[in-house]
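Structural overview for review
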Amino acid sequence: MKIALDAMGGDHAPKAQTEGAMKAIQEFSELEITLIGDEEAIRALLTNDERISIIHTTEKIEDTDKPTHAVRRKKDASMVLAVREVKEGRADACISSGNTGALMTAGLLHVGRIKGVDRPALAPMLPTMDGKGFLLLDVGANMDAKPQHLLQHAIIGSTYMQLVKKVHNPRVGLLNVGTESGKGNELIKATYPLLEESHLNFIGNVEARDLLDGVADVVVCDGFSGNLVLKTIEGTAASLFGLIKKELTKSVKTKLAAGVLKPSFRDIKTKMSYSEYGGAGLFGLKAPVIKAHGSSDETAMFHAIRQAKLMVDQQVAALVKAELSKMPQYQEEKGE
C-alpha cells in the first residue's frame, strides 16, 4: 500500500510529516510512503528512509491562495502532486495539512466523486467524554446543502464508522436546535423524514450540547453549522486547558497539587486531543483524501496516515458507492 504525503503544508512542515511517516513505516510493515516537498529539508530530518521515497518540489499552496486558482496555476505544488499520485495510480491515498479549500478542489478535479455523491463532505472525528469519538459531517466543504446531500452524508458516515471504527449499527443524529421532530429550519425539517425512512439507525435530532457526551456516532449537518461546531469545540478545549494551567501554576500550593494531578490531566488531554483521531476525510471521493489539521505534529500525522491506511484496507470508497447505489435517485439515473 502506498500513501502520498504533502510535506509542505501545515505549521510544522516538513518535520511533522517526516517524523510521522517514519513512525508509520515502523508500525505498518506493508506501507510505503512518498513525501512530496523540498528534498533537502526532508533529507535533513530523515533518519530512516526504509520504504520512504521523496518527490522534490519547492512550490506550495499558501493558506492565503484562492483554492481553484492555486490548484490550476500551481501544478507543481506539493499538495497538487500528492493528489495526482492518487489520480495516476501511484498511491492509494493522500494526506495534506495545507489549504483546506485547495485540497477539496484538487480532490474533486483529480480524484473525482463517487457515483451517487452530489457533494463530498469534510468530516473529522471529534472527541467524546468516553473516548470513542463521533464523526461530524459536513464541517465546511458545502456551506449550503440540500436534504439529499445530508442523506448521502449520513450513509457515507455510517459506512465509515462501521468499517473503520468498527461500530456496530452506528447511531446517526441530525444536528438541530432541539430534539423534537418538528423543530429546525427548512433544511432540517425536509431532511428528517429522509433519514427516518432510510435503512440507517437514525436516532432523531441531536443538540450541540450533547455531542461530547456521545449522543450519536455520526452527526450530519450543513457545512456552515458544522464548521461553527468544530471551531467552538476546538476553541473551548484550548481555553479550558489554558485556564486550568493558569490556575494550577499561580502559587506554590497549586503547583504541588498540579504535580500530583499531572497524570490525570495528561490522560484527559489525550482523550480530548484532535491529534489522536487523525484528520478530516474528504468523504465521497473515489479514493481516500485526508485533510490533517494545520497545526498537526508528528503524532497527528501518524494517526492521519493510520486513518488513510484503514480506509484503503477496508475499501471504504467502494463500499460507500455500493450503499449509495441502493438509493432511489441512483436507480433512476441508471434507468432502472
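As a reminder, the structure under discussion sits directly above these lines.
A few points on the structure. (Residues numbered from 1 in each chain as written. Predicted model: local features only at pLDDT ≥ 70, side-chain atom pairs only at ≥ 80, totals over all residues. Heavy atoms only, no water.)

1. Considerations on the packing of aromatic side chains
By the definition in use, this model includes 3 aromatic pairs. Pairing Tyr160 with Phe283 gives two aromatic rings, centres 4.8 Å apart and planes at 70°, and the pair type is edge-to-face. Of this pair, Tyr160 sits in helix α6 (residues 147–163) while Phe283 sits in strand β11 (residues 280–283); the two residues are 123 residues apart in sequence, bridging distant segments of the chain. Just as Tyr160 is buried, Phe283 falls in that class too. For the pair Tyr192 and Phe202, a centre-to-centre distance of 5.1 Å together with 75° between the ring planes defines the contact as edge-to-face. Of this pair, Tyr192 sits in helix α7 (residues 186–197) while Phe202 is found in strand β9 (residues 201–206), placing the two residues 10 residues apart along the sequence. (Phe/Tyr/Trp six-rings, centres within 6.5 Å; stacked < 30°, edge-to-face > 60°. Helix = DSSP H or I, 4+ residues; strand = E, 2+ residues; numbered from the N terminus. Buried < 20%, exposed > 50% of the residue type's maximum accessible area, 1.4 Å probe, protein only.)

2. Quick word on the side chain of Asp217
Secondary-structure assignment places Asp217 in the loop between β9 and β10 (218–220). Side-chain polar atoms of Asp217 contact the backbone nitrogen of Arg171, separated by 2.8 Å. (Polar contact = N/O pair within 3.5 Å; in protein donor to acceptor, adjacent residues only side chain to side chain.)

3. Side note on the environment of Thr249
Relative to the assigned elements, Thr249 resides in the loop between α8 (223–248) and α9 (252–271). Excluding residues within four positions of it along the chain, Thr249 makes contact with Thr254 and Lys255. (Contact = heavy atoms within 4.5 Å.)

4. Let's talk about the pairing of β11
Here β11 shows a buried face lined by Ala280 and Leu282 and a second buried face lined by Gly281 and Phe283. Summarising the sheet, strand β5 (residues 121–123) and β11 pair through 3 bridges and their orientation is antiparallel. Paired with Ala121 across the two strands is Phe283, which belongs to β11. Where β11 meets strand β12 (residues 289–291), 2 bridges bridge the pair, whose relative direction is antiparallel. (Pairing = 2+ DSSP bridges.)

5. Focus on the packing of α6 against helix α11 (residues 316–324)
The N-to-C vectors of α6 and α11 enclose an angle of 135°; their axes lie 10 Å apart at closest approach. In terms of orientation, α6 lies oblique with respect to α11. Here α6 runs over α11; the crossing is right-handed. Taking contact as the criterion, the partners of Gln152, Ile155, Ile156, Thr159 and Leu163 in α6 are, on α11, Val316, Leu319, Val320, Glu323 and Leu324. Partitioned by chemical class, the residues of the contact of α6 with α11 number 7 nonpolar, 2 polar and 1 charged. (Axes fitted to C-alpha atoms, helices over the stretch in contact; angles between N-to-C directions. Parallel < 35°, antiparallel > 145°, perpendicular 65-115°, else oblique. Left-handed = near helix turned anticlockwise from the far one by under 90°. Nonpolar A, V, L, I, M, F, W, Y, C, P; charged D, E, K, R; others polar.)

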